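So you can see what is in the structure, the chains are spelled out below.
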Amino acid sequence: MLIKKSAVAAGGRHLSRSLSQTVGAVTGATVDRRAFLRGSGLAAGGAALAATMPFGMVKKADAAGPATAAAGAPIKQLKTICTHCSVGCTVVAEVQNGVWIGQEPGFDSPINLGAHCAKGAAVREHAHGERRLRYPMKMVNGVWTRLSWDQAIQEVGDKLLEIRQKSGPDAVFWLGSAKHSNEQAYLFRKFAALWGTNNVDHQARICHSTTVAGVANVWGYGAMTNSYNDIQKSKALFFIGSNAAEAHPVSMLHILKAKEQNNAPLIVADPRFTRTAAKADEYIRFRPGTDVGLIWGILWHILENGWEDKDYIAKRVYGFDDIRAEVAKWTPAEVERVTGVPGSQLKRVARTLASNRPGTLVWCMGGTQHHIGNNNTRAYCVLQLALGNIGVSGGGTNIFRGHDNVQGATDFGVTSDSLPGYYGLADGAWKHWARVWELPYESVLARFASKELMEKTGIPVSRWYDGVLEAKENIDQPESLKAMVFWGHAPNSQVRLPEMKKAMEKLELLVVVDPYPTMTAVLSDRKDNFYLLPAATQFETYGSRTASNRSVQWGEKIIEPLFEAKTDHEIMYLFAKKFGIDKDLFKNIKVNGNEPLIEDITREWNRGMWSVGYTGQSPERMKLHMQHQATFDKTTLRAVGGPCDGEFFGLPWPCWGTPEMKHPGSANLYDTSLPVAEGGGAFRARFGVERNGVTLLAEGSYPEGSPIKDGYPEVTMAMLQKLGFDKDLTAEELAVIQKIGGEKIGAVSWTTDLSGGIQRVAVKNGLNPPGNAKARCVAWNFPDPVPIHREPLYTPRRDLVASYPTYKDTKSWRLPTLYKSIQDRDVSKEYPIILTSGRLVEYEGGGDETRSNPWLAELQQDMFVEMNPFDANNAGIKDGQMVWVEGAEKGRVKVKAMVTERVGRGVAFMPFHFGGWYQGQDLRSKYPKGADPIVLGEAANTATTYGYDSVTQMQETKTTLCRIAAV
Amino acid sequence: MTDRTKTDKPNSALARRDLFRVAGLGVGALGAVAVGAVAVTGPAEAAPADSTTTTGYRETDHVRKVYELSRF
Amino acid sequence: MARMKFLCDAERCIECNACVTACKNENEVPWGVNRRRVVTINDGKPGERTISVACMHCSDAPCKAVCPVDCFYQTDQGVVLHNKDLCIGCGYCFYACPFGAPQYPQAGNFGTRGKMDKCTFCSGGPEEDMSEAEFKKYGRNRLAEGKLPLCAEMCSTKALLAGDADKVSDIYRERVVARGFGSGAWGWGTAYQTKNGQERDQLRERKQGQ
């Protein structure tokens, strides 16, 4: 092909050999990831494209052809947020006659300052939409057939109602999305509630659920504590299981600034020498799945040398002595035995972290996706607590989330274990939300099969296929799952695809609601009762989304939905009408035609999300922030002058009280250096006031300006009364509190008072509504109260299983969950290589959207596996050769071998964005015509295996076993 | 391009060459035709309305902003 | 008169490819043609470095020197442009270019390549500024719009700088001072024949060879 050919020429006369060499690399002269993938890929991709795809065609379904976008028509500049990772980059779109004709940098955004990664710089292609799912389709005898929206809603609706009638509401699984806006996410959870099930979940389960649960159980909230911008103030940067350079590229703008400006050492701990590691001062290669051992190994040196922050620990940390006892076991020799990292290196790291404070700690899925993921996340927190790095600017656990609104979708409860706002599923939670919805509690209860099932945690998305395949009597609900609704979810992001395929085939009904067909459309061999409904992207609607740093940003609609796509909230309305729940669902939400009014939905959640502080972010305030982005400081995120003066950008939660209260939002969580009214806070008093006679409340630490110079529990009416602050409540507020509390008015708290009065009065008087507690090093409600190491279910180190065994088999989340019986089976001889997975910068998630974008697809054309030259040579595998990677449960994928030292000996890596191939077979012909992504490839998760976190059911993708052989 | 009077501009196109032009960018060129109205006077300050007076690069507010943010 | 230059700060470049897709986006560049690309050295090993490479708009442009039909011209701001109406797709410029910048849209039989395409520093070509004809052949003319090349404007870490050479080198110098060392200005010496730059490039070349 062309590039190949010119490459031959590239060896000629050159002024700078080094540069020509690098250019030559593109041709395969030296190996890099992209170079190696070109060649044949270009030919295939190019040919396929030429046949199907007019380049540069800005096309809309019906309206304006190019000719109507005549020169001279006014060009509007519209602002929204990139739909890929969680950094929250502003996208500025130029739109003429409804056609998205150009993209300019969003310079005013304090988050991205105009910067984008490959994905963000290519989002305009979405408006071309050549590979989109264009209209509703159903499979008829194995053939995709077009149908109208009306038909689709009727047919799918009838079938769902029939299943509900026959098998109960819990037989349907509503699988929502991190791609919903906050409004859509909230509506989706409410929709599932009124359908009558807790079998509703989304991607957070399989990306950061162990973070959310782990971190929340240490200090109150499961989210990034500081912000991307705040990293600029860090004096040390510790990354573990995070490849920010590929997964969150624009975050590197802030990270590299800290590195350059503060001379902050960048330490990257990862089994793989990532592109983030390439920028590091210190790279720690360790064995996948040994994070706890590694962290305790660092802490061992800190404690050994007395480098911990003793004053901070005394005032703000509970249970640290239990940590000391566990850490004492992790001597340098033991750490090296388990993790493979020499003690001398960890001593250096410990000293670096201790002498450069405050430092930030960043983790991603490398830490979370393990069957002990919750142990990992809590261990990271404990390390930061020991260093006194939490609740201070420049410190924090900066957990980078994956999708543009995965934080929001989690906060709004698109999860099987909670209603919006982490209220849980108990009686009180339902009553709170019934009050917000202004529905009688009994009418909501009546939608469920029973009160017990209403309050019982549902099946998590990570296990939905077990909910289909498992024998009915083993499942804690009346029937197994009969219908799946994939509403913005890629199946190839989940482990054990062969099992999922079986489950898809067993279902009575399979529905996909998505802008793209996704791999769901082709994975199974279903012949009927299979529907694809085209959904709009966030560029085709408007509303708010929450970035990883908790800033809530309002995006404008750029273009009308393409082809016949509809917005998620409109589709929910159509189904609600079909089910007869529309009156209840939209009681206080105006519906224009078929489209519920977004602002009304925002205002409804403003009235209910007290527990998180999602109450002050009115549509008006959010719009004002987007309009005046330029007035916000690019380090502190605080507006200097202008209409938002003193507020933090995007009103990062908690933003206490009503919008009228004008709380500025909280840039850094638990920051005692600021008054609560100005964004300060303290650890949440979530776990009581004492345990076994030891206080759980802070001692001598409190937010600036606090009337109580010590810890205190969460704020209730009784507490305000005791302090005499209840006099500050207005008559209206008091009336609401009385109505909610009835006899027990003292029990009404900051989370249940719908007037916002308790929060207003608390904040006015310098109190932190969630209280002022210590952070917990011991989560006594978890299987491992103190985080401990347990060997992965599929471990190559059988010698360590006896010392570090997994859990006993158990039943959780309505399903049997295996641990010991999996680990006991020794397959390390047949499957000697550790398999791990991760992201590529060009693609996101299951990749259907990004692999359909030619500007991105061209850059990564082949699925591959990285393997160390040592393993490759032993197996006789050459670089670029096709190989079979077979997982320990026999799922196998046919991919290209990339021989590289990026991975260590005995470790293989595959990116998880590919799909459309299954065990060597190209499924392109199974997509609806014209809706096949440009690039297809094997899904890494065909080869991944069983293993779920003991608390959250997170899947264990980051460490399993495989074998690799030449094809 | 920039001020044409000051550059060593090559000869104007020969008719014979036009033959190649169609083949030129291939699909890309054809696709681009469809875009139509992309000749846009952007929002940058001081972008001249009359293109014949364009002098190419100049330090507009937009450009100053880029420099300022690059210093970030 | 301002002199346009690119500078890629290798200390900052993270190989995210934003510059590549921004270029595709802004100029509607077809599949297979890469006006800009990011290349990696020591991929996957300590010392891994990446740089974003496109036409550097050299001071004494070798492409221009070798072109048999003399289709290249350089604006007084230093941008090297070419006339596609004249280009015969011979490929000499590719042989001459130290950066591998010239691209060809075809790979037909008997070596036909089609007309050369390359980075225009987002400033179009000989057609009327910001005209449809100019866009079709050369892409967007951002300089005429009072802007800079989009690849640099959108760079994720502000690694890629573009614009007035004085400004660009001021910005880079500030970074070097802040860091206490300098090493990242890839290709600067080769393209612009700066004394130190060339030496630095040669030094790096020797190091690469080891």
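Looking at an unreviewed UniProt entry, one finds chain B named Formate dehydrogenase and attributed to Azospirillum cavernae.

An unreviewed UniProt entry annotates chain A as Formate dehydrogenase of Azospirillum cavernae. Under the UniProt heading Sequence similarities (unreviewed entry), the entry covering chain A gives this text: "Belongs to the prokaryotic molybdopterin-containing oxidoreductase family." Among the UniProt annotations of chain A, the heading Subcellular location (unreviewed entry) holds the following wording: "Cell envelope".

(A) Geometry of helix α5 (residues 149-167) of chain A. All names here are of chain A. Compared with the 27 Å implied by 1.5 Å per residue over 19 residues, the 26 Å span of α5 between its first and last C-alpha is a close match. Every buried residue of α5 is listed here: W149, A152, I153, V156, G157, K159, L160, I163, R164 and S167. Relative to the axis of α5, the buried residues are bounded by an arc of 165° and lie together on one face. Turned more than 90 degrees off the buried face of α5, the exposed positions are D150, Q165 and K166. G168 sits one or two positions beyond α5 and adopts a positive phi of about 90°.

(B) Here's a closer look at the packing of helix α6 (residues 182-195) of chain A against helix α19 (residues 427-437) of chain A. Residue and element names in this part refer to chain A. Where α6 contacts α19, the axes come no closer than 13 Å and their chain directions differ by 110°. As summarised for this structure, α6 and α19 are arranged roughly perpendicular, according to the angle between their axes. The crossing of α6 and α19 is left-handed. Residues Y186, K190 and A193 of α6 form the contact with α19, whose participating residues are W430, W433, V436 and W437. A class-by-class count of the residues in the contact of α6 with α19 yields 6 nonpolar, no polar and 1 charged.

(C) Structural context of the domain arrangement of chain A. All names here are of chain A. Annotation of chain A at the domain level lists domain 1 (76-127), domain 2 (137-196 + 425-618), domain 3 (208-399), domain 4 (638-776) and domain 5 (798-966). A separation of 33 Å is found between the C-alpha centroids of domain 1 and domain 3. Taken together, the 12 residues of domain 1 in the interface contact 10 residues of domain 3. A combined buried area of about 740 Å² lies between domain 1 and domain 3, and 67% of that area is made up of carbon and sulfur atoms. Connecting domain 1 to domain 3 are 0 salt bridges.

Scoring rules and cut-offs
Residues numbered from 1 in each chain as written. Chains lettered and ligands numbered in written order. Predicted model: local features only at pLDDT ≥ 70, side-chain atom pairs only at ≥ 80, totals over all residues. Heavy atoms only, no water. UniProt positions renumbered as here; feature names shortened; annotations may be inferred. Helix = DSSP H or I, 4+ residues; strand = E, 2+ residues; numbered from the N terminus. Expected span 1.5 Å × (residues − 1). Buried < 20%, exposed > 50% of the residue type's maximum accessible area, 1.4 Å probe, protein only. Arc of directions from axis to C-beta. Axes fitted to C-alpha atoms, helices over the stretch in contact; angles between N-to-C directions. Parallel < 35°, antiparallel > 145°, perpendicular 65-115°, else oblique. Left-handed = near helix turned anticlockwise from the far one by under 90°. Contact = heavy atoms within 4.5 Å. Nonpolar A, V, L, I, M, F, W, Y, C, P; charged D, E, K, R; others polar. Domains from an automatic or database assignment. Buried area = accessible area lost by both parts, 1.4 Å probe. Salt bridge = Lys/Arg side-chain N within 4 Å of Asp/Glu carboxyl O.

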